[in-house]
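Take a look at the letters that make up each chain.
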Amino acid sequence: MQNTAPKAVPGALPLLGHVVPLLRRPLEFMDELRHHGPVVRLGLGRVPVYVVTDAQLTYSMLTAESASFRKGGRLIEALSRFAGNGLATVPDGDRHRRQRRLMQPMFSRSFIAGRAGVMIETARSVVGGWAAGEPRRTDDDMQELTLSVFLAALLGTQPPTDVRQEFQRVLPDVMAGTIRATILPRALGAIPTPTQRRYRASLRDLRTAIGALIDAHGGRPADPDRAGLLDLLLDAEDPDSGQRMSRTQLEDEVITFVTTNGQASTASILWALYEVGRAPDVERAVHAELDAVCGDRALRPDDLASLTYLRQIIHETMRLYGPAWLLTRKVSAPGRLGDFELPVGADVVFSPYVIHRDPVVYPDPARFDPGRWSPERARSIPRTAFLPFGAGTRQCIGDNFAWDEMTIILAETFRQWRMAPTGRVPKAVPRVTIHPDRLVMTPEDVRAA
Ligand code: HEM
């Protein structure tokens, strides 16, 4: 077996390494790395970090080789500052296995399907309040809507407005601060700049808001169909010890859900609206599908599985926009990735964004083309080349929930509106997930078209 050292990427500065391009033009820089090899070496300050650019090697790191590449690294350290030992940040091993088993029932298809009704109602009432012909900050709208829809599923009822507003206020700072803490050398990240101070205050406010949300939640509703994810969390018992979650654990899990869910789903919905809005053929096809499936009646939970073209749109959006662009692992035992052996203790970065733009698998990768996911064409895309939810034991537990949530919000929007991009082209801003910096769209009545 060959033993190759990953090539160093050119352009490192003496004390900063590759921090400057990572901060200035992160997405382009990451996407260029594939030209230097399947595994390459970068410097974050003076600390070496390895980036896997190859889909097959990434997949095997997350699955067959996961005993050597454990959950950890800079991103996880940064996320732990607010998510503590929640499911996404707890180290690999027994504790993770126990927590995951405890939470699996609330992410089962049947439990999620039971929450679809309240999610549809919430989406319909928000989207129905828009006025035709008036440009809107769609990024703000959707941030609010995904949060409302998620909180409705969490609580089983519509969330209190003030709690929702507080989350909306603090989440962007928390997420921007998290990615800075991941990339910046530790000494630079510790400087108490105004931005850093705002980030720390947002971390405190986020935990206070989660505490208030849990305190305000009443008892389990008499009708089990109205129960939310939080009711299941409160009742969940460890099968071995019979113990319920501690208050800190409960807060860690709810923070994890609110942050992981809100960011990735919102980003995907926004990019989908933007791309569909500038592709008239795609727009016509999705409206035609909704007409064929629902006719004149309202959307129902059992319609979701029939919206196959809308799901192709969501697939293609998650391909083109990541949504995660930088995830990390820690080398915990001598581990190999193909010909490469990586030193124990090193951080390894992988990126669904980079993998999803490999021109060998996805010809003309920058083009938005939902047709790639038609049953005939999708057959040629290997499983390893589409990893929006990761893979292996740490794969996203909320993937089915996210699919339903994104399908519901987009379907309700397209049922009522044609969304026309208005003003300047949005810039892609990589926080923990990739967001449009500002998205203005004008809703036009579908029936007036
Ligand atoms: C479009 C939406 C979403 C995307 C793209 C996404 C993506 C991901 C990815 C890539 C991971 C794996 C990270 C890693 O391997 O380091 C992950 C883990 C996780 N996600 Fe999601 N996610 C989404 C929605 C959600 C939702 C809706 C929830 C919950 C309500 C959720 C909860 C979690 C949790 C708890 C984990 C950690 C699982 C574990 O380590 O066992 N995610 N997500």
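So, here is what we can say about the structure in this document.

Basis of the calculations
Residues numbered from 1 in each chain as written. Predicted model: local features only at pLDDT ≥ 70, side-chain atom pairs only at ≥ 80, totals over all residues. Heavy atoms only, no water. Buried < 20%, exposed > 50% of the residue type's maximum accessible area, 1.4 Å probe, protein only. Helix = DSSP H or I, 4+ residues; strand = E, 2+ residues; numbered from the N terminus. Pairing = 2+ DSSP bridges. Near = heavy atom within 4 Å. Polar contact = N/O pair within 3.5 Å; in protein donor to acceptor, adjacent residues only side chain to side chain. Nonpolar A, V, L, I, M, F, W, Y, C, P; charged D, E, K, R; others polar. Contact = heavy atoms within 4.5 Å. Axes fitted to C-alpha atoms, helices over the stretch in contact; angles between N-to-C directions. Salt bridge = Lys/Arg side-chain N within 4 Å of Asp/Glu carboxyl O. Donors = N, O, S within 2.8 Å, 3.2 Å for Na, K, Ca; no water. Arc of directions from axis to C-beta.

### Notes on the pairing of strand β9 (residues 347-350)
The alternating pattern of β9 places Asp347 and Val349 on one face and Val348 and Phe350 on the opposite face, and all of these are buried. Bridge count between strand β3 (residues 47-52) and β9: four bridges; the pairing is parallel. Residue tyrosine 50 lies in a different strand from β9, and its bridge partner there is valine 348. Direction of pairing for strand β6 (residues 327-331) relative to β9: antiparallel, over a ladder of four bridges. Looking across to β9, one finds that threonine 328 is bridged to valine 349.

### Brief notes about the site of the ligand
In the region of the ligand, 29 residues are neighbours, and His96, Arg100, Arg329, Arg394 and Cys396 sit closest. Here an oxygen atom of the ligand and a side-chain polar atom of lysine 71 are 2.9 Å apart. In this structure, an oxygen atom belonging to the ligand sits 2.7 Å away from a side-chain N or O atom of arginine 394. The set of elements that each furnish at least two residues to the shell around the ligand consists of α5 (94-103), α12 (247-277), β6 and α17 (399-416). Per-element tally for the shell around the ligand: the top contributor is α12, with six residues. A breakdown of the residues in the shell around the ligand according to their chemical character gives 16 nonpolar, nine polar and four charged.

### Some remarks on the sheet that holds strand β10 (residues 417-421)
Strand order in the open sheet formed by three strands is β5-β13-β10, with antiparallel pairing between adjacent strands. Among the strands making up the open sheet, the edge pair consists of β5 (136-137) and β10. When β10 meets strand β13 (residues 440-445), the two strands line up antiparallel, connected through five bridges. For methionine 419, the partnering residue across the bridge sits in β13 and is proline 443. Packed onto the sheet, α17 meets β10 and β13 and runs at close to 95 degrees relative to β10.

### Here's the deal with the pattern of salt bridges
Under the definition given, this model contains 32 salt bridges. With its nearest N and O atoms 3.5 Å apart, the salt bridge here joins arginine 101 to aspartate 240. A residue pair is termed long-range when its members are at least 10 positions apart, and arginine 101 in helix α5 and aspartate 240 in the loop between α11 (229-235) and α12 qualify at 139 residues. What makes aspartate 240 exposed here is its relative accessible area of 63%. Ionic contacts of the salt-bridge type, sharing partners, join the residues Arg207, Asp215, Arg247, Glu251 and Asp252 into one network.

### As for the coordination of the iron atom of the ligand
Among protein atoms, the single one acting as a donor to the iron atom of the ligand is Cys396 (SG), 2.3 Å away. Structurally, cysteine 396 is set in the loop between α16 (375-378) and α17.

### Topic: α5
What α5 keeps buried is the set His96, Gln99, Arg100, Leu102 and Met103. Summarising the axial view, the buried residues of α5 lie within an arc of 160 degrees, below the 170-degree limit, and thus occupy one face. In α5, the exposed positions that point more than 90 degrees away from the buried face belong to Asp94 and Arg97.

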